[in-house]
Amino acid sequence: MSVDIRGSLDNCVKCTICETFCPVAEATPLFPGPKYAGPQSERYREPGTSVDASLDYCSGCGICTQVCPQGVDIAEINARARAQMRTERGMPLRDRLIARPTLVGRLAQPVAPVANAVMRTGLARRAAESALGIHRDAALPSFSVRTLQSRARRRRRPGGATRTVVYFHGCAANYNEPDVGMMAIEVLEHNGFEVIVPPQGCCGLPLQSNGNFRPARSYTRELVSRLAPLARDGHMIVANSTSCGLMLKREAREILGIDDPDLALVGERMFDICELLRDLDDAGELRTDFHPLPMRVPYHQPCQGRGHGFGKPALDLLRLIPELEVIETDRECCGVAGTYGLKKEKYEIAMRVGASLFADIAEARADCTACDSETCRWHIAKATGVPAVHPLELLHRAYRL
Amino acid sequence: MSRVLVVGAGLSGLACALRLADAGAPVTVIAAGTGSLQLGGATIDLLGYAPALVQQPLDALAGLPADHPYSVLGRERVVAATGWLAERLPALRLRGDGGTNMLLATALGAVRPTAVAPAAVAAGDLRPGGRVVFANVRPLRDFFPALIAANVAASSEVRVETRAAEADVDVRGDADASPIALARALELPDQRARITAALRAAIGDAGGARVGLPAALGVDGHTDVAEAVSDALGAEVFEVPTAPPSVPGIRLYRALLAELRNLHVRLIVGSTVVAGVRAGDRIESLDVQVSGRIRSFAADAVVLATGGLATGGLEADRDGLREPVLGLPVAGDPGAHRYDADTFREHAVDRAGIRVDARMRPLGDGAVVHPNVHAVGALVYGAVPWRELSGNGLALATGLAAADAILEERAA
């Protein structure tokens with residue numbers, strides 16, 4: 001299905017609803033708002049004439065598209081225009097580097113303890129800030145000594161599986177948080193799935209959000225070539241990163257413009273892990289042998305989670321756990337938006353965007369915060385000093401796996 | 001698991017969902033985007049013109065045609081719906097009960113009747129007369145106090161002495177600030193002090209006059225902001241609706257959504273319902289375009305709160321009107337012959353919509369089309385909300401009637 005993203009701007013009636021939701025426009029006058037940057041400016045854009053640099057301050061959270069009552073693809077228009085601007089005005093080295101988590105992961109993983117120790121020093125962070133423009137206080141992940149791929153290969157598989165699912169773990173679970181990946185596998189296995197973990201790389205999302213479309217497309221295509229045969233065999237694919245899952249469901253087509261039946265098939269078979277588990281629960285097929293978790297946990301849905309169009313499945317699942325007090329936060333964005341909040345010139349904006357969420361978490365006197373997206377978790381944990389976990393970590397704990 | 005599916009996130013859909021959730025029904029709200037609450041002034045217009053200015057709206061219902069939705073519902077339901085929102089959401093501090101209309105100034109200085117309004121808006125009721133200063137903070141766009149003051153003074157409906165004042169204040173450096181930007185600035189004590197000081201200087205001694213300000217007296221902290229601004233100006237203040245975005249509308253939308261969240265209603269904003277799947281004469285599920293695929297949502301009952309022609313609840317092509325989700329029969333369709341030389345006269349298309357019974361079930365040839373489907377709000381046939389000033393009153397009354405019908409059916 002090809003999509004006419006640009007043509008949707010004709011539907012804009014200038015109702016301003018997107019402007020009232022945009023968390024970046026609220027935090028800084030440097031971004032004039034989605035309506036202005038999107039449908040209004042787009043009419044004047046043509047190849048070679050990017051009309052304004054303020055577009056660079058859009059974080060790509062996508063709320064504008066979701067709330068638009070007229071079906072204007074505002075965030076997608078802006079993402080494409082930003083890529084065009086980057087092509088014309090050049091791409092900083094930083095934006096090329098931080099947008100390649102597989103490359104960074106492959107370099108850092110063999111020397112993980114050293115890399116982690118070095119990157120924890122103030123000196124290294126100041127050097128990274130002045131040389132690369134990565135803000136010294138931005139939350140950066142640490143690297144794991146063993147990748148998820150290697151741990152998954154060596155794990156003991158339980159027998160008695162009644163169905164299969166393909167696990168798309170993404171870069172963060174492979175290089176930074178293999179524990180989260182293992183928990184995803186174990187929760188799925190507990191629910192009777194045989195979990196297939198195929199070799200896989202980056203989905204291309206960080207490059208896309210940094211406006212670097214050409215290499216983003218090749219990452220997406222490479223990943224799709226690995227997942228499509230499994231999808232053709234009828235397997236469901238499950239992702240625990242809401243943003244990477246969304247990339248394959250929708251953004252690779254609508255933003256990168258990849259019009260490919262294999263991608264469409266992978267997107268159609270792609271489920272967020274909480275979406276899949278809640279569907280099981282709705283069908284009465286989820287194992288609910290949860291032990292009580294007497295904790296107080298605010299749940300923040302990441303922006304990309306809203307883009308799926310499935311409500312808040314993580315929240316529905318956490319409410320199944322006895323004695324777990326889940327507090328639904330109602331904030332649009334934590335501010336980091338993938339790699340946006342890492343950047344020297346945008347870090348302060350990201351902190352202002354997240355300020356009300358951080359205040360909610362502090363006020364809740366929480367044991368931990370739950371959030372589905374890894375970069376959001378790192379940012380929220382750093383900003384609040386309260387640990388942030390994937391909702392499935394709480395499910396895993398309540399199952400006592 | 002089957003749930004009640006409410007399609008649309010305007011006032012009729014959200015009110016219906018809240019009533020259902022209050023009674024314990026599992027509800028999913030699916031909306032293509034945020035509803036139009038953010039565009040309107042958060043007043044509940046019950047009946048403003050019929051066709052002359054209406055002073056007692058509930059009493060005037062008896063004079064409406066038999067196929068008007070209010071007539072289909074009956075007076076009792078309309079009375080109950082009018083009071084429901086104020087009682088259910090006391091934090092909104094709604095004033096008015098539908099007994100008499102208040103008269104409020106619009107952003108153009110027209111005088112409009114409404115039945116129920118938030119306290120800060122209702123404080124601008126012009127019926128008591130007296131003196132009013134309309135004032136603005138200059139960078140706020142599309143708000144002209146001199147125009148408002150002159151038009152209100154010239155109105156034959158009210159006897160008010162008016163004047164205008166404008167303060168030049170920096171609001172975040174914006175050349176043309178939006179109401180939401182001003183509202184957020186007014187929530188910060190230091191910004192508020194700066195802005196109100198400039199306003200006070202521009203107004204001078206209010207001398208007992210009320211001060212009408214653009215409706216931007218805070219968002220979440222509205223009550224406190226309104227009080228602080230009133231204290232700072234040494235005058236009673238009220239809010240005059242602005243061009244969109246409407247801050248009172250945002251407050252209403254947020255308040256409704258917060259209640260729905262507390263009741264664990266599933267909210268899906270940004271996805272479009274593309275079709276309904278029939279089983280006999282019932283609709284057993286809706287197909288929804290979500291990310292990556294069409295997803296089926298099982299339905300116990302369906303409420304269509306998709307709005308009228310302006311918001312996609314009805315679609316028009318050269319041959320006529322259609323209802324795009326379920327293909328329901330559209331009543332009052334002028335068909336292909338709809339050219340009318342008199343642009344400002346009421347047009348046949350204004351009244352067009354889905355004809356319903358008292359349980360808000362769509363009718364075709366006088367018979368119920370789908371027993372588990374309900375149509376509410378601007379989608380319903382028979383009213384001309386823009387002319388009658390009846391939009392939100394109809395939204396509430398029809399939305400709640402559908403909820404009650406569904407609850408009765410579930411209990412049976």
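Everything in this summary refers to the structure shown in the same document. (Residues numbered from 1 in each chain as written. Chains lettered and ligands numbered in written order. Predicted model: local features only at pLDDT ≥ 70, side-chain atom pairs only at ≥ 80, totals over all residues. Heavy atoms only, no water.)

### Digging into the overall build of chain A
- Assigned secondary structure in chain A consists of 22 helices and eight strands.
- Expected size for 401 residues packed as a compact globule is a radius of gyration near 21 Å; at 20 Å, chain A falls within 12% of this value.
- In terms of its C-alpha atoms, chain A occupies a principal-axis envelope of roughly 60 × 50 × 40 Å.
- Counting the 401 residues in chain A, one finds 61% classified as buried.
- Across chain A, the fraction of contacts at a sequence separation of at least 24, relative to all contacts at a separation of at least 6, is 77%.
- With an accessible surface of roughly 15,600 Å², chain A has 51% of that area assigned to carbon and sulfur atoms.
- Averaging the positions of the 50 positive and the 48 negative side-chain charges in chain A gives two centres separated by 6 Å. (Helix = DSSP H or I, 4+ residues; strand = E, 2+ residues; numbered from the N terminus. Rg over C-alpha atoms; globule rule 2.2 N^0.38 Å. Buried < 20%, exposed > 50% of the residue type's maximum accessible area, 1.4 Å probe, protein only. Contact = heavy atoms within 4.5 Å. Areas by Shrake-Rupley, 256 points an atom, 1.4 Å probe, with all protein chains shown as cover. Lys, Arg positive; Asp, Glu negative; His and termini not counted. Charge placed at Lys NZ, Arg CZ, Asp CG, Glu CD.)

### A short note on the packing of helix α15 (residues 242-254) of chain A against helix α16 (residues 261-269) of chain A
All names here are of chain A.
- Contact geometry for α15 and α16: axes closest at 8 Å, N-to-C directions at 145 degrees. Every residue of α16 that contacts α15 at L248, K249, A252 and R253 is listed here: L263, V266 and G267.
- When grouped by side-chain class, the residues that make up the contact of α15 with α16 number four nonpolar, one polar and two charged. (Axes fitted to C-alpha atoms, helices over the stretch in contact; angles between N-to-C directions. Nonpolar A, V, L, I, M, F, W, Y, C, P; charged D, E, K, R; others polar.)

### Brief notes about the sheet that holds strand β4 (residues 270-272) of chain A
All names here are of chain A.
- Spatially, the four strands line up as an open sheet ordered β2-β1-β3-β4, and their pairing is parallel. Each having just a single partner strand, β2 (193-196) and β4 make up the two edges of the open sheet. For this sheet, the mean angle separating the axes of adjacent strands, direction not counted, is 40 degrees.
- The sheet contact formed by strand β1 (residues 163-168) and β2 spans four bridges and is parallel. Of the residues in β2, the one forming a bridge with R163 is F193.
- The strands that α16 touches are β3 (236-239) and β4; relative to β4, the one it contacts most, it runs at about 35 degrees.
- Strands in contact with helix α17 (residues 273-282) are β1, β2, β3 and β4; relative to β4, the strand with the most contacts, it is inclined by about 85 degrees. (Pairing = 2+ DSSP bridges.)

### Brief notes about the nonpolar core
Residues and elements named next belong to chain B.
- Counting 104 residues, the largest nonpolar core has L20, V27, L85 and L256 as its most contacted members.
- The element that contributes the greatest number of residues to this core is helix α13 (residues 391-411), accounting for ten residues.
- Listed in part, the 46 residues of the second largest apolar core include A167, A177, V211 and V237. (Core = buried A, V, L, I, M, F, W, Y, C linked by side-chain atoms within 4.5 Å.)

### Overview of the pattern of salt bridges
Residue and element names in this part refer to chain A.
- For the coordinates displayed, the defined rule picks out 49 salt bridges over all chains.
- Note that E42 is salt-bridged to R6, the shortest N-O span being 2.7 Å. Here R6 lies in the segment before α1 (17-21) and E42 lies in helix α3 (residues 34-42), a separation of 36 residues in the sequence.
- A residue is classified by how much of its surface remains accessible, and R6, at 40% relative accessible area, is partly exposed.
- For R287, the salt bridge is made with D289, and the minimal N-O distance between the two is 2.8 Å.
- A single network of salt bridges, built from pairs that share partners, joins D56, R86, R94, D95, K343, E345 and K346. (Salt bridge = Lys/Arg side-chain N within 4 Å of Asp/Glu carboxyl O.)

### Structural notes on the packing of aromatic side chains
- Applying the stated criterion to the full structure yields two aromatic pairs over all chains.
- Each ring, one from F290 of chain A and one from Y399 of chain A, has its centre 4.5 Å from the other, and the planes form 25 degrees; the classification is stacked. Taken together, the residues F290 of chain A in the loop between α17 and β5 (295-300) and Y399 of chain A in helix α22 (residues 391-399) connect sequence positions 109 residues apart.
- For Y399 of chain A, a relative accessible area of 5% corresponds to the buried category.
- Note on F134 of chain B and F238 of chain B: the rings are 6.0 Å apart at their centroids and 85 degrees apart in plane angle, and the pair reads as edge-to-face. Of this pair, F134 of chain B sits in strand β7 (residues 130-137) while F238 of chain B is found in strand β10 (residues 237-240), placing the two residues 104 residues apart along the sequence.
- Across the ring face of Y57 of chain A, the terminal group of K346 of chain A is positioned such that the distance to the ring centre comes to 5.5 Å.
- The positively charged end of R293 of chain B is found above the aromatic ring belonging to F271 of chain A, 4.0 Å away from the centroid. (Phe/Tyr/Trp six-rings, centres within 6.5 Å; stacked < 30°, edge-to-face > 60°. Lys NZ or Arg CZ within 6 Å of the ring centre and 35° of its normal.)

### Details of the environment of Y299 of chain A
Residues and elements named next belong to chain A.
- Examined against the element boundaries, Y299 turns out to sit in strand β5.
- Look at Y299 and you get buried, because its relative accessible area is 1%.
- With 16 residues separating them along the chain, Y299 and L315 place their C-alpha atoms 7.0 Å apart.
- Those residues in contact with Y299 that lie beyond four places of it in its chain are K312, A314, L315, L318, V326, I327, E328, T329, A370, C371, D372 and P391.

### Focus on the environment of G7 of chain A
- Its location among the elements puts G7 of chain A in the segment before α1.
- Residues G7 of chain A and V72 of chain A, 65 residues apart in the sequence, show an inter-C-alpha distance of 8.6 Å.

### Looking at the interface of chain A and chain B
- Taken together, the contact between chain A and chain B spans 36 residues of the former and 30 residues of the latter.
- Taking both sides of the interface into account, the surface hidden between chain A and chain B amounts to around 2,600 Å²; carbon and sulfur atoms contribute 43%.
- Summed over the shared surface of chain A and chain B, the number is seven salt bridges.
- Taken together, the elements giving at least two residues each to the side of chain A that touches chain B come down to α1, α2 (23-27), α4 (63-67), α15, α16, β4 and α17 of chain A.
- If one sorts the elements of the side of chain A that touches chain B by residue count, α17 of chain A sits on top with four residues.
- Residue composition of the side of chain A that touches chain B, by class: 13 nonpolar, ten polar and 13 charged. (Buried area = accessible area lost by both parts, 1.4 Å probe.)

### Focus on the packing of helix α14 (residues 213-232) of chain A against α16 of chain A
All names here are of chain A.
- At a minimum axis separation of 8 Å, α14 and α16 run at an interaxial angle of 65 degrees. Of the two elements, α14 crosses α16, and the hand of that crossing is left-handed. Note on element contacts: α16 touches α14 through D262, L263, L265, V266 and R269, opposite T220, V224, L227, A228, A231 and R232.
- Residue composition of the contact of α14 with α16, by class: seven nonpolar, one polar and three charged. (Left-handed = near helix turned anticlockwise from the far one by under 90°.)

### Notes on unusual backbone geometry
Residues and elements named next belong to chain B.
- Residue P51 is bonded to the preceding A50 through a cis peptide linkage, with omega at -15 degrees.
- Mapped onto the elements, P51 comes out in the loop between β2 (27-31) and α2 (57-60).
- Cis peptide bonds are those with omega within 30 degrees of zero, and the linkage from P244 to P245 qualifies with 0 degrees.
- With respect to the helices, strands and loops of the structure, P245 is situated in the loop between β10 and α10 (247-262).
- One non-glycine residue, M360, lies in positive phi territory at about 65 degrees.
- Here M360 shows up in the loop between α11 (348-351) and β17 (363-364).

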